Amino acid sequence: MSGGDFRPVHFESTCTILTCTSEEFQDMYNDANLDDDVLLNIIRTYHDELVAANLDKLLQGMLLHAPTRAGRRYVAVALHIAHRKGADAVVGVARAWMDHLFLMTRRFFVIVLSISRASYKVETPTFDERDSSELRATLGVREGYRCAITRSFDRQRVLELMAEGREDEIPEAPQSVMAAVHIMPLLLNSFIDRSTTERARTWDMLRSWTGLDMTASDIHTPANTILMTLAEHLAFARFQLYFDKEAFPNEPNKYRVRPIMRGLYMSSGKREADVEFNTMSEVDPPNPDFLRIHAAFAKVLHLSGAADRFEWDDDDERELDPHRTFDFAQDLSRRLVISAM
């Protein structure tokens, strides 16, 4: 696979880890003679060291499930440079990806999920509910006021129809409380302390591996949100289910929702569900690139075992305390700053 087909990546933080120059990384990235497939040989060369660090499956997953060819190229170049420096460098860059890309990204998904769960428990609208009310209504139109995955009918819509004397329009179907679920929950480089090495490193790695290109205006839009039941919201945020585009490669906006491992079922009792988003209205369907990125994270987190390696520190426990509601959300919201890149 040649490097000429790829655009530059955001590799500054990775260069720091590898102790190489940006020019060295860029030159190798553009080297048409560098074959990405030799990466499997590098993984085999350092198999024992990677297994001892529990990182061998991570590298395999990053290569196998990279959301883009450019993302695979990024991993290939980094490992080639690390290979020149020896086992410690290979294990070091793999550990950096685990800590700063996958575990940190998973942490941000959990934080945003906790904000949403807190908002469900209070009658006073939180910042999340006020900002998303119009968006939620728009998603209701696109999804027909049903969960995109289980097809349960929106309990809030039921109450609205009853208040308007339109009970005959309520379908005979299961009813559930719904949420407007963000595919990409927030810009990871938009925290107040984004200047810290840890946050900057996460954002650089995220863009390098996924090709994610978002601005503040992309966050609270139909292209980045899906109407789901609370149970499906929880599973989606924990990367326990994902939207598989490969099941319908020639049908735009159609996916098969799959659990990431055996034994998991949806709240409807089904193991899988085919979902096709309505394109007849003026409401944009979910961005397929965003869903591809989410699916890639789900697959790598599961393959590497990282899905179960999330640990809390004292600050995390304070931030995610389920007994805090409005004050919790307000406090955490002050730490999130969504800004255009």
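Residues numbered from 1 in each chain as written. Predicted model: local features only at pLDDT ≥ 70, side-chain atom pairs only at ≥ 80, totals over all residues. Heavy atoms only, no water.

The next thing to look at is the side chain of Arg201. One can find Arg201 in helix α10 (residues 197–210). Of the side chains bearing the opposite charge, Asp204 lies closest to the buried Arg201, which forms no salt bridge; the N-O distance is 7.6 Å. Setting aside its immediate chain neighbours within four residues, Arg201 contacts Ser13, Thr16, Ile17 and His100. (Helix = DSSP H or I, 4+ residues; strand = E, 2+ residues; numbered from the N terminus. Buried < 20%, exposed > 50% of the residue type's maximum accessible area, 1.4 Å probe, protein only. Lys, Arg positive; Asp, Glu negative; His and termini not counted. Salt bridge = Lys/Arg side-chain N within 4 Å of Asp/Glu carboxyl O. Contact = heavy atoms within 4.5 Å.)

Counted by the stated rule, this structure contains 12 salt bridges. The shortest N-O distance in the salt bridge between Glu169 and Arg166 comes to 2.9 Å. Of the residues examined, Arg166 reaches a relative accessible area of 26% and is grouped as partly exposed. In this structure, the salt-bridge partner of Asp244 is Arg258, at a minimum N-O distance of 2.7 Å. Of this pair, Asp244 sits in strand β5 (residues 241–244) while Arg258 sits in strand β6 (residues 254–259); the two residues are 14 residues apart in sequence, bridging distant segments of the chain. The network of salt bridges with common partners includes Glu164, Arg166 and Glu169.

With 81 residues, the main nonpolar core has Phe25, Trp97, Trp209 and Phe243 as its most contacted residues. Here the element with the most residues in this core is helix α7 (residues 87–119); it accounts for 12 residues. (Core = buried A, V, L, I, M, F, W, Y, C linked by side-chain atoms within 4.5 Å.)

Compared with an ideal rise of 1.5 Å per residue, which puts 17 residues at 24 Å, helix α12 (residues 288–304) spans 24 Å between its outermost C-alpha atoms and is within 8% of the ideal. With respect to burial, α12 is a largely interior element, 12 of its 17 residues being buried. Of all the residues in α12, the buried ones are Phe290, Leu291, Ile293, His294, Ala295, Ala296, Phe297, Ala298, Lys299, Val300, Leu301 and Ser304. Sitting at the head of α12, Asn287 places a side-chain oxygen 2.7 Å from the backbone nitrogen of Asp289. Taken from the residues just after α12, Gly305 is the one with a positive phi, measuring 85 degrees. (Expected span 1.5 Å × (residues − 1). Polar contact = N/O pair within 3.5 Å; in protein donor to acceptor, adjacent residues only side chain to side chain.)

Let's shift gears to the packing of aromatic side chains. Following the criterion strictly, the structure yields 11 aromatic pairs and no others. Seen in terms of ring centroids, Phe11 and Phe25 are 4.7 Å apart; in terms of plane orientation they differ by 20 degrees. Their pairing is stacked. Of this pair, Phe11 sits in the segment before α1 (12–18) while Phe25 sits in helix α2 (residues 22–29), placing them 14 residues apart in sequence. On the accessibility criterion, Phe25 (0% relative accessible area) is buried. An aromatic cluster is built from Phe11, Phe25, Tyr74 and Trp97, whose rings are joined through pairwise contacts. Across the ring face of Phe248, the terminal group of Lys254 is positioned such that the distance to the ring centre comes to 4.5 Å. (Phe/Tyr/Trp six-rings, centres within 6.5 Å; stacked < 30°, edge-to-face > 60°. Lys NZ or Arg CZ within 6 Å of the ring centre and 35° of its normal.)

Our next topic: the environment of Gln60. Within the element layout of this structure, Gln60 appears in helix α5 (residues 56–64). Beyond its immediate stretch of four places on either side in the chain, Gln60 contacts Ile43 and Leu303.

It is worth spelling out unusual backbone geometry at this point. Phi is positive for Phe239, which is not a glycine, with a value near 60 degrees. Within the secondary structure, Phe239 is located in the loop between α11 (230–237) and β5. The class for Phe239 is buried, based on a relative accessible area of 3%. Backbone geometry at Asn253 places phi at a positive 65 degrees, although glycine is not the residue there.

This next bit is on the packing of α5 against α12. Direction vectors running N to C along α5 and α12 enclose 155 degrees, while the axes themselves pass 8 Å from each other. Considering their axes alone, α5 and α12 lie roughly antiparallel with respect to each other. Along this stretch, α5 crosses α12, giving a crossing that reads as right-handed. Contacts from Lys57, Leu58, Gln60, Gly61 and Met62 in α5 reach Val300, Leu303 and Ser304 in α12. Here the contact of α5 with α12 is built from residues that sort into 4 nonpolar, 3 polar and 1 charged. (Axes fitted to C-alpha atoms, helices over the stretch in contact; angles between N-to-C directions. Parallel < 35°, antiparallel > 145°, perpendicular 65-115°, else oblique. Left-handed = near helix turned anticlockwise from the far one by under 90°. Nonpolar A, V, L, I, M, F, W, Y, C, P; charged D, E, K, R; others polar.)

The next thing to look at is the pairing of β6. Along any regular strand, the residues point their side chains to alternate faces of the sheet. In this structure, β5 lies alongside β6, joined through 4 bridges in antiparallel fashion. Among the inter-strand pairings, Asp244 is bridged to a residue of β6, identified as Arg256. As judged from the 4 bridges shared by β6 and strand β7 (residues 273–276), these two strands associate in the antiparallel manner. The partner of Tyr255 across the bridge, within β7, is Val275. (Pairing = 2+ DSSP bridges.)

Moving on, we come to the pairing of strand β4 (residues 225–229). The element β4 is largely enclosed, with a buried count of 5 among its 5 residues. Side chains of β4 alternate between two faces, with Thr225, Leu227 and Thr229 and Ile226 and Met228 buried alike.

Here we take up the confidence of the model for the chain. Model confidence for the chain is summarised by a mean pLDDT of 79, while 75% of its residues fall at 70 or above. Under a pLDDT of 50 for its full length, residues 1–8 has, in the predicted model, 23 contacts with residues more than four places off or in other chains. (pLDDT = per-residue confidence, 0-100.)

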